[in-house]
Amino acid sequence: MAISIHPSVDNGIAKGAEGFNGGSLECLCASDKVQVKVASQVFHNHACGCTKCWKPQGAMFSVVGVVPRDSLSVASNGGKLKIVDEKAAIQRHACTACGVHLYGRIENKNHPFFGFDFIHTELSPQKGWDGPGFAAFCSSVIESGTPPSQMDAVRKTISDKGLATYDCLNPPLMDAIATHAAKAAGTYRES
């Protein structure tokens, strides 16, 4: 049985186009689409197995890109956006009509990823976005209904597509979180 991870993984992982500087994201409404402008390539893009991120119909994972907060602006129909869970660290802004998450934003200035927004590049009509570079929170797909007995096959499918699998974030991002925590605690040391 073939395992479908996400269309941008299943159909081959795109490499970002040289000189690509962003584009727009659009909700799935037939009319009066929410449109978000992003004036940046993603810093990184990853497949995410968590249960909070928006996934296209039939996808086991979401694909989430990270961009600078100041590169993102709502261009049209922003009145249709609502935060999905105001208590979550990432404030996911979704279209109230179609349910698509247009972007996620961290408002807590003490969070290690404050200043970055989270986007779903498959909502963009422009080509050139960098595809996912790793898969995070893989075990979390169990929480959304994947049988634990399928996890070896899920990880193998992801690995066969060229992505490393993690049950948290990749090591450089985990190092960034730990560095932020060490600086906040006063225990950070330069090498």
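Residues numbered from 1 in each chain as written. Predicted model: local features only at pLDDT ≥ 70, side-chain atom pairs only at ≥ 80, totals over all residues. Heavy atoms only, no water.

### So, the side chain of Arg105
Here Arg105 is to be found in strand 8 (residues 101-105). Side chain to side chain, Arg105 and Asp117 meet in a polar contact 2.6 Å long. (Helix = DSSP H or I, 4+ residues; strand = E, 2+ residues; numbered from the N terminus. Polar contact = N/O pair within 3.5 Å; in protein donor to acceptor, adjacent residues only side chain to side chain.)

### Considering the sheet that holds strand 9 (residues 116-119)
Ordered by their spatial adjacency, eight strands build an open sheet running 6-7-8-9-4-3-10-11, and the pairing between neighbours is mixed. Each having just a single partner strand, strand 6 (81-83) and strand 11 (164-165) make up the two edges of the open sheet. Where strand 7 (residues 91-95) and strand 8 come together, four bridges link them in antiparallel fashion. Along strand 8, the bridge assignment pairs His93 with Tyr103. (Pairing = 2+ DSSP bridges.)

### Topic: the pattern of salt bridges
Opposite charge on two side chains permits them to pair, given that their charged atoms come into close proximity. If you walk through the whole model with that rule in mind, you get five salt bridges. Asp85 is the partner of Lys52 in a salt bridge, and the nearest nitrogen-oxygen pair spans 3.5 Å. With Lys52 in the loop between strand 3 (44-48) and strand 4 (62-68) and Asp85 in the loop between strand 6 and strand 7, this pair connects stretches of sequence that are 33 residues apart. Classification of Lys52 by relative accessible area gives partly exposed; the value is 44%. Note that Arg155 and Asp167 form a salt bridge whose closest N and O atoms lie 3.1 Å from each other. Here the residue Arg155 occupies a position in helix 2 (residues 151-160), and Asp167 occupies one in the loop between strand 11 and helix 3 (171-185), the gap between them amounting to twelve residues. (Salt bridge = Lys/Arg side-chain N within 4 Å of Asp/Glu carboxyl O. Buried < 20%, exposed > 50% of the residue type's maximum accessible area, 1.4 Å probe, protein only.)

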